[in-house]
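# Results of the structural survey
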Amino acid sequence: MIPADTYDVIIIGTGAGGGTLARRLAPSGRRILILERGGFLPREKENWDSTAVFQDMRYHTSESWYDGDGKAFRAHTGYFVGGNTKVYGGAMFRLRERDFETVRHKGGLSPEWPVKYRDFEPYYRQAEALYEVHGRRGVDPTEPAMSADYPFPPLAHEPRIQELHDRLKATGHQPFSIPLALKRDDGDPLRSPCIRCNTCDGFPCLVDAKADADVNGIRPALRHANVTLTLNATVTRLLTGSSGRTVSAVEAVVDGELRRFRGDIVVVAAGAINSAVLLLRSASDAHPDGLANSSGQVGRNYMRHLNGAMLGLSRRRNPAVFQKTLAMNDYYWGDDDFPFPMGHIQLLGKTDRGILGADAPFFAPAAVLDLMAKHSIDWWLTAEDLPHPDNRVVVDRDGAIHLRQRDRYHEHFDRLVDRWKRVLRAVDASGRSHPLSLYLFTKIPTMGVAHQNGTCRFGEDPRTSVLNAFCRAHEVDNLYLVDGSFFPSSGAVNPSLTIAANALRVGDHLLERLDG
């Protein structure tokens, strides 16, 4: 055992939560250690190779997880600096104001948050600036109140998408530009890192033009001499003192050697699943059911959204290259036929035959897949995943990860899919819509964990929550979680911006605590 090094703050994980928090704390001068399980994602030709990314799953973990039936699967998650933001599509949405309140669905209740949108609003604004978000306020009918416009104007639609936008508007719909975290200036493309390619959504960015938690979080933090990043560091346990009230050491395997690190404050940001796993694996005499788990809530209420994709096929060719610029929330809160929340709709990055081939039968001719891709417009649909205590993360005796998850309520998602098919037929009578599978399943299966959240919810009652309002563990005075695990509900938009905004909010709290 290598002797323990001591720091003011230890951050475990570098995704939307950990990377953002590191950026916030770095200028403080405090000694900060960042532990990352992987390394920097390599810049290589395969970054933009759809066969390597989607069929070979080159950037996903190779470890086996298990579903509720004990069947092994390979999770769609990776361990690199920047976490899953390395392959996200850059969509950065605020939750709606009502998402912070109790929301009644036909199939149950979405619970109230212990803090409100007004508490998050200034941090949403700061997160949008940090991640260089492009958008325009005042167009999305469900948009929450914003104290300022987006820091950059929206990316322009390509002609085929602009035509679609205009047709939707003409039929009474309210499409708007997706708020995107990209390093792009449409007015000055020569100097823009982003080249508006078709290998963005779901791909690593070969030219570092995606504003992710690595490029916009960790790398700027490392310019400060007080910040240390340790790569290939798999944290195995959090140890506590005899009282069980403080984390006394972080135990990790670094390049094959077992090491311990000590921090006045320990922040876990390993993703909602792995953060819960770490707490469960840190059971001790003081915490027999897992660290900070006397409530029994660690790992429970796992959510990942009801997600799906729709391939809109038309006789017309779709020449769009950078397609992911348009979204709609017309049915976010339902419609006249279904007065309950349905969900959110946005364009995907443009598919190609490599992406389609990942889901196609092995005998599908490449020429057919290529033709389909060239004539498709590709959509992503999201509905809220209501929390349920039996949807949970479990660690077995051998330390293996089990995701016990079942969609108990999905009528709202089914209605959203059906409603959107009818809209597409109305705006393009010559088109047809077909469901997709693979990474883009009609309903994403257990392996689809990109939007993971909710396994260590925050709240005011220690009997029903793991964390307090500032995401500190109720039972452990120096332990915080700043990934998506704190969500008590998921809303129906991408969670990255809310995770980042919360990291900034918790970061300000930690700075006050360190200075106190």
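Residues numbered from 1 in each chain as written. Predicted model: local features only at pLDDT ≥ 70, side-chain atom pairs only at ≥ 80, totals over all residues. Heavy atoms only, no water.

### Regarding the pattern of salt bridges
Taken as a whole, this structure holds 37 salt bridges when the rule is applied. A salt bridge links Asp-212 to Lys-86; the nearest nitrogen and oxygen atoms lie 3.0 Å apart. You can see Asp-212 sitting in the loop between β9 (180-181) and α5 (214-221) and its partner Lys-86 sitting in the loop between β4 (72-73) and β5 (103-105), a full 126 residues away along the chain. Each member of the pair, Asp-212 as well as Lys-86, carries the same accessibility label: buried. (Salt bridge = Lys/Arg side-chain N within 4 Å of Asp/Glu carboxyl O. Helix = DSSP H or I, 4+ residues; strand = E, 2+ residues; numbered from the N terminus. Buried < 20%, exposed > 50% of the residue type's maximum accessible area, 1.4 Å probe, protein only.)

### Focus: the environment of Ser-295
By the secondary structure assignment, Ser-295 is in the loop between α6 (272-281) and β14 (306-313). By relative accessible area, Ser-295 is classed as buried at 18%. Measuring from C-alpha to C-alpha, the distance between Ser-295 and Asp-483 comes to 20 Å, with 188 residues separating the pair along the chain. In contact with Ser-295, other than residues within four places in its own chain, are Pro-462, Arg-463, Ser-465, Val-466 and Glu-475. Engagement of the side chain of Ser-295 in a polar contact is seen with the backbone nitrogen of Gln-297, the distance being 3.2 Å. (Contact = heavy atoms within 4.5 Å. Polar contact = N/O pair within 3.5 Å; in protein donor to acceptor, adjacent residues only side chain to side chain.)

### Describing the packing of helix α1 (residues 18-25) against helix α10 (residues 496-515)
Viewed as axis vectors pointing N to C, α1 and α10 meet at an angle of 40°, and their least axial separation amounts to 8 Å. With respect to α10, the axis of α1 lies oblique. Viewed along their axes, α1 and α10 form a crossing whose handedness is right-handed. Where α1 approaches α10, its residues Thr-20, Leu-21, Arg-24 and Leu-25 are matched on the opposing element by Ala-500, Ala-503, Leu-504, Gly-507, Asp-508, Leu-510 and Leu-511. Of the residues that constitute the contact of α1 with α10, the class distribution is seven nonpolar, two polar and two charged. (Axes fitted to C-alpha atoms, helices over the stretch in contact; angles between N-to-C directions. Parallel < 35°, antiparallel > 145°, perpendicular 65-115°, else oblique. Left-handed = near helix turned anticlockwise from the far one by under 90°. Nonpolar A, V, L, I, M, F, W, Y, C, P; charged D, E, K, R; others polar.)

### Observations concerning the packing of aromatic side chains
With the rule as written, the count across this model stands at 18 aromatic pairs. Summarising the aromatic geometry, the rings of Phe-100 and Phe-120 are spaced 5.4 Å apart at their centres and angled 50° between planes, so their arrangement reads as tilted. Here Phe-100, found in the loop between β4 and β5, pairs with Phe-120, found in helix α3 (residues 117-130); they are 20 residues apart in sequence, far enough to count as distant. In this structure, Phe-100 and Phe-120 share a single accessibility class: buried. On the basis of an interplanar angle of 70° and a centroid distance of 4.9 Å, the ring pair of Phe-486 and Phe-487 is categorised as edge-to-face. (Phe/Tyr/Trp six-rings, centres within 6.5 Å; stacked < 30°, edge-to-face > 60°.)

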